[in-house]
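Structural characterization, general
Next come the chains, spelled out residue by residue.
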Amino acid sequence: MSETETTTPAPKKSTGPAPKSAKEGLGRRTIRKLGRDKRNAKIATDKDFATKFFAAKSKKADDKKTAFRKKKNKK
């Protein structure tokens, strides 16, 4: 190469913005598993939360059954 010729380094490839949180680079399954693990740990340690959680879960199931029965009895 001659002295008049200059070489420029190739520009760095951008892989997009840096992840904002720890979960951003992970897949849907992994994020859901982390959430389930976190919830199960909280249920095991916080009895007040566990009581409210299972009461709400039961109420939701009852409401779904009631709505289904109402829908089927109309016909």
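Provided above is the structure to which this section pertains.
What you see is a predicted model; the values in this text were computed from it and never measured.

In this section: the environment of F49. Checked against the element boundaries, F49 lands in helix 2 (residues 47-74). F49 gets classed as partly exposed once you look at its relative accessible area, which sits at 26%. Sequence-wise, F49 and R39 are 10 residues apart; in three dimensions their C-alpha atoms are separated by 9.8 Å. Setting aside anything within four residues of it in sequence, one finds F49 in contact with R39, K42 and I43.

Before going further, it helps to examine the pattern of salt bridges. Under the criterion given, the structure shown has three salt bridges. We note a salt bridge from D37 to K33, for which the minimum N-O separation is 3.0 Å. On the criterion of helical spacing, the pair formed by D37 and K33 is a turn pair, its members being four residues apart in helix 1 (residues 28-45). Looking at D37, the relative accessible area reads 40%, which means it is partly exposed. The closest approach of N and O atoms between K52 and D48, which form a salt bridge, is 3.8 Å.

So, how was this worked out
Residues numbered from 1 in each chain as written. Predicted model: local features only at pLDDT ≥ 70, side-chain atom pairs only at ≥ 80, totals over all residues. Heavy atoms only, no water. Helix = DSSP H or I, 4+ residues; strand = E, 2+ residues; numbered from the N terminus. Buried < 20%, exposed > 50% of the residue type's maximum accessible area, 1.4 Å probe, protein only. Contact = heavy atoms within 4.5 Å. Salt bridge = Lys/Arg side-chain N within 4 Å of Asp/Glu carboxyl O.

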